[in-house]
Amino acid sequence: MMVITLIHYINTKVASQDVYSERAGCSRLHPLHTAYLPLRTSNSTTMTSRDPDEQCGVPCCRPSVLQRCARIGVFVAFYCPASLCTSAISVYMSSQITTLEKQFGFTSAQSGFLMSCNDIGFLLTTIFVANLARTLHIPRSLFVSTFCFGLSGVFCSLAYFLSPVANTDQPITSNMSSQNTFFNSDDQMCSFANKSSEEGCDPNLAKIGAPTKFTSIAIAIIAVGMTIQGFGKAPRQPFIITYIDDNVPKQKTACFIGVIMAIGIFGPALGFGLGAFFSQTYVTLEDVQMTVRDPRWIGAWWLGFIFFGLLAMVVSIPLMCFPKRMPGSKRKAPPKSKGEKSITSNVKHGFKELVKKLVRILKNARFTLNLAAVCLVLFLVGGFLAFTPKYLETQFFIPAWYANILLGGIVVVSTCLGTFVGGFLTSYKKLHPYTCIKLVGFVNLLSILSHGLGFVLGCDNPQIVGLGNTMLNSTCSSNCNCDSTEYLPVCGSDNRNYLTPCHAGCLDSVMGPEGLMYTNCTCVVGGGSAVPGLCETDCAMLWPFLMVALFSSLFGALCIVPGIMFSVRCVSDEDKSLAVGVSSFMQTTCGWMAGPVVSGKIIDTCCKLWSSGCYGKGACALYDIEDFRFKKYLVEISAKCVVVFLYGACIWVSRNRTDWSIDDDKDKEEKDGLPEKENLMNKSNETKLQFDIGTPIVKVKKPLV
């Protein structure tokens, strides 16, 4: 309710200032008083429109130079940067999932919950905000929305600044010795001395991926920040669609929405791209002597939240200067009521109208079937795709920064291109809503094939000495007292993976040109050396997987704008804004919010080795990637089959319907296209007809009294 209150306060405050400005002479007088008066020409109050709701600026500051910006194209140009920033913040969390899990000891289920907090704030406000779209000042409401996005980013970064400094386990810097590492080298190397069981749990020891006292506090901080982001997300889609559709011809709505969505999809590309850059910088911004492939590496995740947060606050400022409606808009100002009703009666009347609209919308079979299909699609998108960076890291053994670059540069850019092309085709070819839904159904049918290929486009589980039954030359490390519950994989000079330096029989460690190196490893062939991290794999499935993902995203994005246009055109104009709000509410509840939580729990079932500490189980250190891949695509194919069935039912229901909200401007456009003489003749005929059917003038004699 915070955003609703804030938006309502700003709109009420500005409206009262408009009244004050009008009384003070800063705005228009009554048209009868100013019919023969010239416009004022002061430097700060020159007006080109006499209606404050159609003027750019803020109360008492509406210079004439700004009135040139009162065009929908200018509004779209200024909103695109805001859409870019808000989209980047929304996905930036996904790009830093593995980093956050390492630092704070989150499980995948907890990470999924944090991403769902975004949607909890959204659900608390979306229906009410959507129902107010016709009464609020939409550009100023979008200013509040974008500012909340920026505030959420800054708030999430507090988890880093408020986290306590660990007593030990700092990474190696140029000013530190090799013994002061995140993992104590002596504990991880081969030792012939018996280790006390009490050393297994030290509350002051910060282990990678293990939970600490601060873990619950970090969850609370990030959850609040993501909830604030959800508050800001609620007005975006219903307000943008309503504002554009009310201020342009209906045939051009898809084009403008397509432009905004295409630019907005560059946001994830920007989020993943900068996420990759920040992931290559150590979390403390120090120059550490380890590589990004080292399991102890933690990227500077908090920099992205601050960067995108402050940028969103800046780009939100111009939005508050746009008018409530554009000059010449087909949406007219509602007539002022002669008498003021009580607040209670207004609330009751508004609630009754809201219930009537909801019942009418949900009885619409076309709308309901399409909504059910979209919710299921977004369950997959919001679920497994939220963990796609983690999937790429674990499935193909690549570092986090490289996974973010691939995801942002290939998949998201293809989605942007597909969305733009879909919007262009819908607008240029003037696709009928029935054609739109057939296109959406066909694309989802093809997507089943791409999901089927995912079963084979993956790598095998790595063979790690010391894990399970994989014990090569076990006799060499039998006296080293190795702990098989720890995970610090090293790659030996024999190109074999070892669970820890201890399992490789390493006795010493030195600082090499590329970081820490373990030497005198008795289990490595020839008594060689080992370096932190898994060995390079010979699996060649990464690029085939990315090519399939690229084309799948490209063709899937083609149906985004047609799907939106179908959902908007299958309801009446009166119910349009609320229908968009209901869609957003259900899509968030059943898709964006439920998806990450359920997917996180499924992913946790694929874990082979957990990072544990004194405060319980933390992040997964090693996944069974074959089980991960099988469960991911089994769920996706099952859901896609249901989606295709729902779209088929929607196409069947829509086949003979004619009540589409696409003909509102048809008569006006036909008249504008007539020759001038014929148009004048029509006007004269209309006038004559009005005169003929008007109330006859009859003299009535007054009765004699």
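Quantities reported herein were computed from a predicted structural model and do not represent experimental measurements.

A.B. asks: Just checking my understanding: could you explain the overall build of the chain for this structure?
C.D. replies: Each helix and strand in the chain was counted, giving 24 helices and 8 strands. Looking at the 705 residues of the chain, the share that counts as buried comes to 51%. Summarising the internal contacts of the chain: among those between residues at least 6 apart in sequence, 79% fall at separations of at least 24.

A.B. asks: How should the environment of C190 be read in this particular structure?
C.D. replies: With respect to the helices and strands, the residue C190 is situated in the loop between α9 (185-188) and α10 (215-233). In this structure C190 comes out as buried when scored by relative accessible area, which is 10%. The spatial distance from the C-alpha of C190 to the C-alpha of C506 is 5.6 Å, given a sequence separation of 316 residues. Beyond its immediate stretch of four places on either side in the chain, C190 contacts C480, C502, G505, C506 and L507.

A.B. asks: Sorry, what's going on with unusual backbone geometry here?
C.D. replies: Excluding glycine, a negative phi dihedral is what most residues carry, and trans is how most peptide bonds are arranged. One non-glycine residue, N495, lies in the positive phi region at around 65 degrees. Tracing the chain through its elements places N495 in the loop between β2 (490-492) and β3 (497-498). The phi dihedral of N520 falls on the positive side, at around 55 degrees, and the residue is not glycine. With respect to the helices, strands and loops of the structure, N520 is situated in strand β5 (residues 515-521).

A.B. asks: Honestly, the packing of helix α17 (residues 400-428) against helix α20 (residues 560-569) in this entry has me stumped. Any pointers?
C.D. replies: In helix packing, the relevant descriptors are the interaxial angle and the interaxial distance, both defined with respect to the helix axes. For the pair α17 and α20, interaxial distance at closest approach is 7 Å and the crossing angle is 50 degrees. Between α17 and α20, the interaxial angle falls into the category oblique. Of the residues in α20, those touching α17 at T419, G422, G423 and T426 are I560, V561, P562 and M565. Looking at the contact of α17 with α20, its residues break down into 4 nonpolar, 4 polar and no charged.

A.B. asks: Just checking my understanding: could you explain the pairing of β5 for this structure?
C.D. replies: The two faces of the sheet receive side chains in turn, since in a regular strand these alternate between them. Of all the 7 residues making up β5, 5 are buried; the element is thus mostly covered by neighbouring parts of the structure. Taken together, the 6 bridges between strand β4 (residues 506-512) and β5 define a ladder with antiparallel strand orientation. The partner of D508 across the bridge, within β5, is T519.

A.B. asks: Looking at this model, I keep getting lost on the state of the cysteines. Mind explaining?
C.D. replies: Here a disulfide denotes a covalent bond joining the sulfur atom of one cysteine to the sulfur atom of another. Applying the stated criterion across every chain, the model contains 5 disulfides. Note on cysteine connectivity: C482 is disulfide-linked to C502, with sulfurs 1.9 Å apart. Between C482 and C502, the disulfide has an S-S torsion of -90 degrees and is therefore left-handed. In this pair, C482 is assigned in the loop between β1 (464-465) and β2 and C502 in the loop between β3 and β4, connecting sequence segments 20 residues apart.

A.B. asks: I'm lost on α10 in this one. Help?
C.D. replies: Residues spaced three or four apart along an α-helix point in a common direction, a consequence of the helix completing one turn every 3.6 residues. Here α10 is 19 residues long and its end C-alpha atoms lie 27 Å apart, about the 27 Å a rise of 1.5 Å per residue gives. Across the 19 residues of α10, 15 count as buried, placing the element largely inside the fold.

A.B. asks: Mind showing me how you'd approach the packing of aromatic side chains here?
C.D. replies: Any two aromatic rings considered together are summarised by their centre-to-centre distance and by the angle between their planes. Inspection of the entire model under this criterion finds 26 aromatic pairs. Between F104 and F106, the aromatic rings sit 5.6 Å apart at their centres with planes inclined by 25 degrees, giving stacked as the arrangement. Judged by its relative accessible area of 1%, F106 is buried. Every member of this aromatic cluster is reached through a ring pair, and the members are Y92, F104, F106, Y160, F161, F214, W301, W302, F305, F307 and F308. Across from the ring centre of Y633, 5.2 Å away, lies the NZ or CZ of K632, which sits over that ring. Residue placement shows R655 over the ring face of W652; its charged tip is 3.8 Å from the ring centre.

A.B. asks: Can you help me understand the environment of S427 in this one?
C.D. replies: Mapped onto the secondary structure, S427 falls in helix α17. Along the chain, S427 and P562 lie 135 residues apart, while their C-alpha atoms are 9.5 Å from each other.

A.B. asks: Would you mind showing me how to read the side chain of T394 here?
C.D. replies: For T394, the position within the fold is in helix α16 (residues 388-396). Looking at T394, its side chain comes within polar contact range of the main-chain oxygen of Y391, at 3.3 Å. Once residues lying within four places of it in the same chain are set aside, the contact partners of T394 are Y623, I625 and F628.

A.B. asks: Just to check I follow, could you spell out the packing of helix α18 (residues 433-453) against helix α22 (residues 625-654) for this structure?
C.D. replies: Orientation of α18 relative to α22, taken along the N-to-C sense of each, is 160 degrees, at an axis distance of 9 Å. As the angle between them shows, α18 and α22 are arranged roughly antiparallel. When you trace α18 past α22, the crossing you get is left-handed. Seen from α18, the contacting residues are Y434, I437, K438, V440, G441, N444, L445, S447, I448, H451 and G452; seen from α22, they are Y633, E636, I637, K640, C641, V643, V644, Y647, C650, I651 and S654. Looking at the contact of α18 with α22 residue by residue, the classes come out as 13 nonpolar, 6 polar and 3 charged.

A.B. asks: Explain a nonpolar patch on the surface here, please?
C.D. replies: A cluster of nonpolar side chains, L417, F420, V421, F424, L425 and Y428, forms an exposed patch at the surface whose accessible area comes to about 570 Å². Structurally, the position occupied by F424 is in helix α17. Note on F424: relative accessible area 43%, which makes it partly exposed.

A.B. asks: Help me understand the environment of V292, please; the structure alone is not making it clear to me.
C.D. replies: Looking at the secondary structure, you find V292 in the loop between α12 (250-279) and α13 (301-316). The spacing of V292 and A400 is 108 residues in sequence and 8.2 Å in space, taken between C-alpha atoms. Residues within four places of V292 in sequence aside, it is in contact with S279, Q280, W297, P399 and W401.

A.B. asks: Looking at this structure, how should I read the pattern of salt bridges?
C.D. replies: Side-chain pairs of opposite charge can arise whenever the charged atoms involved come near each other. For the structure shown, the criterion picks out 7 salt bridges. As a salt-bridge pair, E101 and K390 come within 2.8 Å of each other at their nearest N and O atoms. Remark: K390 occurs in helix α16 and E101 occurs in helix α4 (residues 97-104); sequence separation between them is 289 residues. For the pair E101 and K390, a shared accessibility class is recorded, and that class is buried. In this structure, the salt-bridge partner of D627 is K631, at a minimum N-O distance of 3.2 Å. Taken together, the positions of D627 and K631, both in helix α22 and 4 residues apart, correspond to about one turn of that helix.

A.B. asks: What is the right way to look at the confidence of the model for the chain in this model?
C.D. replies: Caution applies to low-pLDDT parts of the model: their predicted coordinates are not meant to be read in detail. Mean pLDDT over the chain: 76, with 75% of residues reaching 70 or higher. Low pLDDT, under 50, characterises residues 664-705; the predicted model gives this stretch 10 contacts beyond four residues in sequence or across chains.

A.B. asks: Looking at this structure, I do not really get the pairing of strand β7 (residues 607-613). What am I missing?
C.D. replies: Two elements, β7 and strand β8 (residues 616-623), share 5 bridges in a ladder whose sense is antiparallel. In the strand pairing of β8, C607 is matched with Y623. Hairpin connection between β7 and β8: a loop of 2 residues separates the two successive antiparallel strands.

A.B. asks: Any chance you could explain α20 here in plain terms?
C.D. replies: Counting buried residues along α20, 9 of its 10 residues qualify, which places the element largely inside the surrounding structure. Turning to α20, its buried residues number three or more, namely V561, P562, G563, I564, M565, F566, S567, V568 and R569.

So, how was this worked out
- Residues numbered from 1 in each chain as written.
- Predicted model: local features only at pLDDT ≥ 70, side-chain atom pairs only at ≥ 80, totals over all residues.
- Heavy atoms only, no water.
- Helix = DSSP H or I, 4+ residues; strand = E, 2+ residues; numbered from the N terminus.
- Buried < 20%, exposed > 50% of the residue type's maximum accessible area, 1.4 Å probe, protein only.
- Contact = heavy atoms within 4.5 Å.
- Axes fitted to C-alpha atoms, helices over the stretch in contact; angles between N-to-C directions.
- Parallel < 35°, antiparallel > 145°, perpendicular 65-115°, else oblique.
- Nonpolar A, V, L, I, M, F, W, Y, C, P; charged D, E, K, R; others polar.
- Pairing = 2+ DSSP bridges.
- Disulfide = S-S within 2.5 Å.
- Expected span 1.5 Å × (residues − 1).
- Phe/Tyr/Trp six-rings, centres within 6.5 Å; stacked < 30°, edge-to-face > 60°.
- Lys NZ or Arg CZ within 6 Å of the ring centre and 35° of its normal.
- Polar contact = N/O pair within 3.5 Å; in protein donor to acceptor, adjacent residues only side chain to side chain.
- Left-handed = near helix turned anticlockwise from the far one by under 90°.
- Patch = residues over 30% accessible without salt bridge, like charges linked within 9 Å, V, L, I, M, F, W, Y side chains within 5 Å.
- Areas by Shrake-Rupley, 256 points an atom, 1.4 Å probe, with all protein chains shown as cover.
- Salt bridge = Lys/Arg side-chain N within 4 Å of Asp/Glu carboxyl O.
- pLDDT = per-residue confidence, 0-100.

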